[in-house]
Amino acid sequence: MHLKVTFQSSRKSELMNMKVNEAAEEFILEQRIRGNSPATVEYYTFVLKYFIDYAGDIETSDVTLALCKNYCLSLMESDVRSITVQSYVRGARAFLKWLYDNELIEQDICVKFKLPKATKKVIEVLSAEEIKRVFDAITGDTWLAMRNRVIVALMLDSGLRRHEVISLKLPSVNLSDRYIVVERGKGDKQRVVPFGERTAELMEQYLTATSFCNKRDPLIIKESNDKQSYEDVTNVTIKQLFRKLKARSGVSKLRPHILRHTFATYYLENGGNIYTLQS
């Protein structure tokens, strides 16, 4: 019994002496083990870097409520939006909760370390005229033009996120019944997303035009650098596409996520159910 108590005491002492940056690495590792999406892991990695830089080379036992509040204040006084401050603090709170649950800090700091208020931002959407200008900006009958129309249509018609579009697999598309099975990222969850008749037409045109590459698994593809094969589209590809579409269409507010906002707004305006939309 004495040995067990001594071991537990020794282990607790070892944990309490862990550096904040080392604990953050353990926290990120656990997110991966839990099966959280790459986007979630990337988010925590990004926002915790700022917290670690502010805290400095300290041990977890030295993390205090005062330090956390001063960190929040430093963010609020910097040249970042209030919604960004909230995002950074939210990531830090998740980390602090993990520290407490793993007995790396003695107090549950999150009880008193609240999210700061953020200015409510008006959600922008595209008008019908702006939507037409975006599609008109995708000219030509090449398979690449057809691919780009499909990318825009899936975001606008089905509300897919950028990373969901580029990670779609060909077997997940049911063209006859007009739905896609989308991987949600967390816990291997899936959701079924319908798409309309016009998107189905664009999809069929694209699949017919890319029949030369019928062994592919990813739905959305691009040519490799040597032009000898085809590979997955990346976030960089999407950013480049929308940069060109913004310039060609003259829709200055155009970005991938505004298509998702537009989808949600039009869905509700046309009688859609908010709970169905949420799912």
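Quick caveat: nothing in here was measured; it's all calculated off a predicted structure.

**Let's talk about the overall build of the chain**
Helix and strand counts for the chain come out as 12 helices and five strands. Relative to its full complement of 279 residues, the chain shows a buried share of 37%. Considering only intrachain contacts with a sequence separation of at least 6, the fraction spanning at least 24 residues in the chain is 60%. On the chain, roughly 16900 Å² of surface is accessible, and the fraction owed to carbon and sulfur atoms is 51%.

**Quick word on unusual backbone geometry**
Phi is positive for Glu103, close to 60°, though the residue is something other than glycine. With respect to the helices, strands and loops of the structure, Glu103 is situated in the loop between helix H5 (82–101) and helix H6 (128–136). On the basis of relative accessible area, Glu103 is assigned to the partly exposed category, the value being 46%.

**Quick notes on the nonpolar core**
In terms of nonpolar packing, the biggest core is built from 41 residues, with Ile180, Leu254 and Leu259 touching the most fellow members. Only H6, helix H7 (143–158), helix H8 (162–166), strand E2 (179–183), helix H9 (197–209), helix H10 (235–249) and helix H11 (256–269) provide two or more residues apiece to this core. Broken down by element, the residue count for this core peaks at 10 residues, all from H7. Ignoring sequence-local partners within four residues, the contact set of Ile180 consists of Leu154, Leu160, Leu168, Ser172, Val173, Arg191, Val192, Val193, Phe195 and Met203.

**A closer look at the pattern of salt bridges**
Here the structure, examined in full by the defined rule, presents 13 salt bridges. A salt bridge links Lys97 to Asp101; the nearest nitrogen and oxygen atoms lie 3.9 Å apart. Remark: Asp101 and Lys97 occur in helix H5; sequence separation between them is four residues, near one turn of the helix. A salt bridge links Lys97 to Asp108; its shortest N-O distance comes to 3.4 Å.

**Some details on the packing of H6 against H7**
Helices that pack against each other are described as a pair by the angle of their axes relative to one another and the distance between those axes. Their axes nearest at 10 Å, the elements H6 and H7 cross at an angle of 155°. With respect to each other, H6 and H7 are oriented roughly antiparallel. Between H6 and H7, the contacting residues are Ile131, Val134 and Phe135 on the first element and Arg149, Val152, Ala153 and Leu156 on the second. Of the residues that constitute the contact of H6 with H7, the class distribution is six nonpolar, no polar and one charged.

**Some remarks on the sheet that holds strand E1 (residues 173–174)**
For sheets, the rule is that strands pair by backbone hydrogen bonds, running either parallel or antiparallel. Reading across the sheet, the three strands line up as E1-E2-E3 and stay open at both edges, with antiparallel pairing between neighbours. Where the open sheet ends on each side, the last strands, each with one partner, are E1 and strand E3 (190–194). Two strands pair when backbone bridges link them, and E1 and E2 are joined in this way by two bridges, in the antiparallel orientation. Considered in E2, the bridge of Val173 is made with Ile180.

About the thresholds
- Residues numbered from 1 in each chain as written.
- Predicted model: local features only at pLDDT ≥ 70, side-chain atom pairs only at ≥ 80, totals over all residues.
- Heavy atoms only, no water.
- Helix = DSSP H or I, 4+ residues; strand = E, 2+ residues; numbered from the N terminus.
- Buried < 20%, exposed > 50% of the residue type's maximum accessible area, 1.4 Å probe, protein only.
- Contact = heavy atoms within 4.5 Å.
- Areas by Shrake-Rupley, 256 points an atom, 1.4 Å probe, with all protein chains shown as cover.
- Core = buried A, V, L, I, M, F, W, Y, C linked by side-chain atoms within 4.5 Å.
- Salt bridge = Lys/Arg side-chain N within 4 Å of Asp/Glu carboxyl O.
- Axes fitted to C-alpha atoms, helices over the stretch in contact; angles between N-to-C directions.
- Parallel < 35°, antiparallel > 145°, perpendicular 65-115°, else oblique.
- Nonpolar A, V, L, I, M, F, W, Y, C, P; charged D, E, K, R; others polar.
- Pairing = 2+ DSSP bridges.

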